[in-house]
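# Fold and geometry: a report
So you can see what is in the structure, the chains are spelled out below.
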Amino acid sequence: GAVLAPAALAIISVTFHEPKERAKQISKSANLSFQLVKAYKFNSGEDAYNLEQTLLKELRSKYEQPTTVFDGSTECFYDVNLVELINKIEETNYD
């Protein structure tokens, strides 16, 4: 999984590719410059997916999403507290 962010946008994403490559792919699609903030490796794809779905549900209830559609836009949120998000991920003990 990876946390990617330009200035005010954050994306939580599960990928089977290198996180930096995923950041480039999303940046190109969105015509923005996403930077990899933090990447995590999981022992199981199921663990990564389950955590992603839990985080996305919580983020959707707290943060606005862009109206422009691009690769990763459904996983994208404005003004996310990245410290809080990273702490929540690290509390899960999946990695």
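Described in the following lines is the structure provided in the data block. (Residues numbered from 1 in each chain as written. Predicted model: local features only at pLDDT ≥ 70, side-chain atom pairs only at ≥ 80, totals over all residues. Heavy atoms only, no water.)

### Structural notes on the side chain of Thr15
The cut-off we apply is this: Where helices and strands are cited, they refer to DSSP runs of H or I of at least four residues and of E of at least two residues respectively, numbered from the N terminus. Throughout this description, a polar contact denotes any pair of N or O atoms lying within 3.5 Å of each other; where both atoms belong to protein, one of them has to be capable of donating a hydrogen while the other can accept it, and for residues adjacent in sequence the pair is counted only when both atoms sit in side chains.
With respect to the helices, strands and loops of the structure, Thr15 is situated in the loop between β2 (9-13) and α1 (19-30). Separated by 3.0 Å, the side chain of Thr15 and the backbone nitrogen of His17 make a polar contact.

### Quick word on the packing of aromatic side chains
Stated formally: Geometry of aromatic contacts follows a simple scheme: Phe, Tyr and Trp rings, the Trp one being its six-membered ring, pair when their centres are within 6.5 Å, and the pair is stacked under 30 degrees between planes, edge-to-face over 60, tilted otherwise. Burial classes follow relative accessibility: with a 1.4 Å probe on protein chains only, a residue under 20% of its type's maximum area counts as buried, one over 50% as exposed, and anything between as partly exposed.
Going through the model one piece at a time under the given rule, you end up with 1 aromatic pair. Between the aromatic rings of Phe34 and Phe70, the centroid separation amounts to 6.5 Å while the plane-to-plane angle is 40°, which identifies the pairing as tilted. You can see Phe34 sitting in the loop between α1 and β3 (35-39) and its partner Phe70 sitting in the loop between α2 (45-62) and β4 (76-78), a full 36 residues away along the chain. Both residues of the pair, Phe34 and Phe70, count as buried.

### Examining unusual backbone geometry
Within the chain, Asn31 stands out as a residue other than glycine whose phi angle is a positive 55°. As for its position among the elements, Asn31 is in the loop between α1 and β3. Judged by its relative accessible area of 70%, Asn31 is exposed. A positive phi angle, near 55°, is found at Asp79, a position not held by glycine. Turning to its location among the elements, Asp79 is positioned in the loop between β4 and α3 (82-91).

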